[in-house]
Amino acid sequence: MRVAVCCPRSVPIIGRLNRLKIRCFPTFIDRLHEKSKAARFLALLGLGWACIIFRPNLLYLNQAGCYRIARAAARCMRIPVVAHVRIFEDAAYLARQKPKPAELRAIVAISDAVRSEISKFDALRHIPVKIIYDGYTPAVNRLAANAGKDARNSNSIACVGRIVPIKGQDVLVDAIGLLHPDYPQIRCAMIGRGGAFWEELKNRSVAAGLNNVICWTGFQGDPTTALRAVSILVLPSHREPLGRVIFEAWDAGCLPIAFRGSGGAAEVLQASGGGLLYDEQTPAALAAAMEEALSFEADERMSRVQKGRSWMTKHCSPERYAASMREVFVAAISAQRSK
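Along each chain, numbering runs from 1 in the same order as the chain's sequence is written. Reporting of local features is limited, given that this is a predicted model, to residues whose pLDDT is at least 70; pairs of side-chain atoms are given and counted only at 80 or more, and all residues count toward the totals for whole chains, interfaces and linings. Only hydrogens and water are set aside when side-chain values are computed; all heavy atoms of the structure are taken into account.

> I tried to follow the packing of aromatic side chains on my own but got confused; where do I start?
The relation between two aromatic rings is expressed through the spacing of the ring centres and the mutual angle of the planes. A pair of Phe, Tyr and Trp rings is counted when the ring centres sit within 6.5 Å of each other, with Trp represented by its six-membered ring. The angle between the planes then sorts it: under 30 degrees is stacked, over 60 is edge-to-face, the rest tilted. Inspection of every chain in the model, using the stated rule, returns nine aromatic pairs. Between F25 and W49, the ring centres sit 5.4 Å apart and the planes meet at 80°, which makes this aromatic pair edge-to-face. Of this pair, F25 sits in strand β2 (residues 23-25) while W49 sits in helix α2 (residues 37-54), and the two are 24 residues apart along the sequence. You can call F25 buried: its relative accessible area is 2%. Both rings, one in F247 and one in W311, keep their centres 6.4 Å apart while their planes meet at 40°; by these two values the pair is tilted. Of this pair, F247 sits in helix α9 (residues 244-252) while W311 sits in helix α12 (residues 298-315), and the two are 64 residues apart along the sequence. Residue F247 is classed as buried on the basis of its relative accessible area of 0%. For W311, a relative accessible area of 9% puts it in the buried group. Strands here mean DSSP runs of E at least two residues long; helices mean DSSP runs of H or I at least four residues long; both are numbered from the N terminus. When accessible area is computed with a 1.4 Å probe and restricted to protein chains, residues below 20% of their type maximum are described as buried, those above 50% as exposed, and intermediate ones as partly exposed.

> Explain unusual backbone geometry to me, please; I cannot follow it from the model alone.
Generally, phi is negative for residues other than glycine and the peptide bonds are trans, each holding for most cases. In the Ramachandran plot, K21 falls in the positive-phi region, its phi being about 60° despite a non-glycine side chain. Inspection of the secondary structure assignment puts K21 in the loop between α1 (13-19) and β2. The residue R78 is not glycine, and still its phi comes out positive at about 55°. Along the chain, R78 turns up in the loop between α3 (67-77) and β4 (81-85).

> How should I be thinking about the packing of helix α6 (residues 169-179) against helix α11 (residues 283-295) in this particular structure?
Any two packed helices are characterised by how steeply their axes cross, that is the angle between the axes, and by the distance between the axes. Angles shown run from 0 to 180 degrees and are taken between the N-to-C directions of axes, each axis being a line fitted to C-alpha atoms and, for helices, limited to the stretch in contact. The geometry of α6 relative to α11 is characterised by a closest axis approach of 8 Å and an angle of 60° between their N-to-C directions. Between α6 and α11, the interaxial angle falls into the category oblique. Both α6 and α11 take part in a crossing whose hand is right-handed. Contacts between α6 and α11 involve V171, L172, D174, A175, I176, L178 and L179 from the first element and P283, A284, L286, A287, M290, E291 and L294 from the second. In terms of residue class, the contact of α6 with α11 is built from 12 nonpolar, no polar and two charged. Put simply, angles under 35 degrees are roughly parallel, angles over 145 are roughly antiparallel, angles from 65 to 115 are roughly perpendicular, and the rest are oblique. Less than a right angle of anticlockwise turn of the near helix away from the far helix marks a crossing as left-handed, whereas a clockwise turn marks it as right-handed. The contact rule is simple, with two residues in contact once any of their heavy atoms fall within 4.5 Å. Throughout, the ten residues Ala, Val, Leu, Ile, Met, Phe, Trp, Tyr, Cys and Pro are labelled nonpolar, Asp, Glu, Lys and Arg are labelled charged, and all others, Gly among them, are labelled polar.

> Teacher, can you tell me more about the side chain of D134 here?
Here D134 shows up in the loop between β6 (129-131) and β7 (153-160). Throughout this description, a polar contact denotes any pair of N or O atoms lying within 3.5 Å of each other; where both atoms belong to protein, one of them has to be capable of donating a hydrogen while the other can accept it, and for residues adjacent in sequence the pair is counted only when both atoms sit in side chains. Separated by 3.0 Å, the side chains of D134 and R86 make a polar contact. Sequence-distant contacts of D134, that is, excluding residues within four places in its chain, are made with H84, R86, I110, L242, R244, F247, C316 and Y321.

> Any chance you could explain the environment of I79 here in plain terms?
Tracing the backbone through its elements, the reader meets I79 in the loop between α3 and β4. When its relative accessible area of 6% is taken as the criterion, I79 is described as buried. On a C-alpha basis, the gap between I79 and R260 in space is 40 Å, while along the polypeptide they are 181 residues apart. Beyond its immediate stretch of four places on either side in the chain, I79 contacts C51, P56, N57, L58, L59 and A74.

> Can you help me understand the pattern of salt bridges in this one?
Note on pairing: side chains with opposite charge can pair once their charged atoms come close. Take a side-chain nitrogen of Lys or Arg and a carboxyl oxygen of Asp or Glu: if they are within 4 Å of each other, that pair is a salt bridge. The final tally for this structure, using the stated rule, is 11 salt bridges. We note a salt bridge from R304 to E300, for which the minimum N-O separation is 2.8 Å. Residue R304 and its partner E300 are located together in helix α12, separated by four residues, close to a single helical turn. Take E300: its relative accessible area is 32%, and that puts it in the partly exposed class. Residues joined in a network through salt bridges with shared partners are E117, K120 and R239.

> I'm lost on the sheet that holds β4 in this one. Help?
Pairing between the strands of a sheet comes from backbone hydrogen bonds, and it takes one of two forms, parallel or antiparallel. In this analysis, strands are considered paired if DSSP registers two or more bridges between them. If you walk across this open sheet you meet the four strands as β3-β4-β5-β6, and the pairing is parallel. Looking at which strands have only one partner, the edges of the open sheet turn out to be β3 (59-61) and β6. This sheet shows a mean twist of 20° between the axes of neighbouring strands, independent of strand direction. In terms of strand pairing, β3 meets β4 through three bridges, oriented parallel. Within the sheet, the bridge partner assigned to L61 lies in β4 and is A83. Against the sheet, α3 touches β3, β4 and β5 (104-109), its axis set at about 180° to β3.

> Looking at this structure, how should I read the sheet that holds strand β9 (residues 214-218)?
Reading across the sheet, the six strands line up as β9-β8-β7-β10-β11-β12 and stay open at both edges, with parallel pairing between neighbours. Both outer strands of the open sheet, β9 and β12 (276-278), are each paired with one neighbouring strand and no more. In this sheet, neighbouring strand axes are inclined to one another by 25° on average, regardless of whether the strands run parallel or antiparallel. In this structure, strand β11 (residues 255-259) lies alongside β12, joined through three bridges in parallel fashion. Bridging from a neighbouring strand, F259 pairs with Y278 of β12. Across the sheet, α11 is in contact with β7, β10 (230-235), β11 and β12; its angle to β12 comes to roughly 160°.

> Is there a simple way to explain the nonpolar core in this structure?
Within soluble globular proteins, side chains that are nonpolar generally end up buried alongside one another. Residues L172, I257 and M290 are the most contacted members of the largest nonpolar core, which totals 95 residues. With seven residues, α11 is the largest single contributor of residues to this core. Residue contacts for M290: discarding those within four places in its chain leaves I157, L172, A175, I176, L179, I186, I232, V234 and I257. Residues belong to one nonpolar core when they are buried, are Ala, Val, Leu, Ile, Met, Phe, Trp, Tyr or Cys, and are joined through side-chain atoms within 4.5 Å.

Following this line, the structure appears as structure tokens:
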């Protein structure tokens, strides 16, 4: 199988692709959906040029949001397409494009929650959907039986993600406010960047007397470093397609908590038994789950973390991910050749 990659010029992955001797066409533009029509046209020309030079049998879209541009190039050269749906919104986007089965050969969903979202749209029901959880390579080898018994603050929690309303950090701030009188030693690292919502929540935490309890760290490129210092990860998202940070929490040896109605995050925790779920998206329900997690001895916490790691090893190994993706690619190419 020969592979070439179209991506923006400045992304870090280009260096790794070059080391692997994978051909790169730096003809795409980052965050293309926010750019002008002229920029999108240039991206289309670049993709078309890459197709003429490389002559692919398949166009794989790592993000379904570029389907409209890819379809134009694929139609000209009669190349089938496979699209990866990683966010809920892209299901509706794909449906608006009304893809034909002869063009869009398959959709890869990163969770059953995303597959369920795709199934809501009549325009997509004739496209095969394959659930493939994201591959994850542990940052360090921490899967030994005695892993995670390192020193960490048992009253510390972290929340990792963009500081935006859909991620539910406001619910977490209020939950900490409810817990703080009974757990004065509780500390929370709020890891992520944001705009007006970030400022609003910072002011809210100060008004609640939590300025010495919640630390607003900003963006961190490697959240596992911070997660190794805490006991609990809280993922308070209203909706989450998968929640990759749960994998990072297991890798770092801390216990994840998520909202049962969040979608992919709840799906992973339910399937693995590797964390806690709270039933209502309210500060009181989240505070109760956090209180339960804080009451765990280290052995109980690590027992659940080990369950999560075992599930991740089985379902998210890079080898399994690569084999599953290859099956989708081969099926799409074979179907095209049999026409």
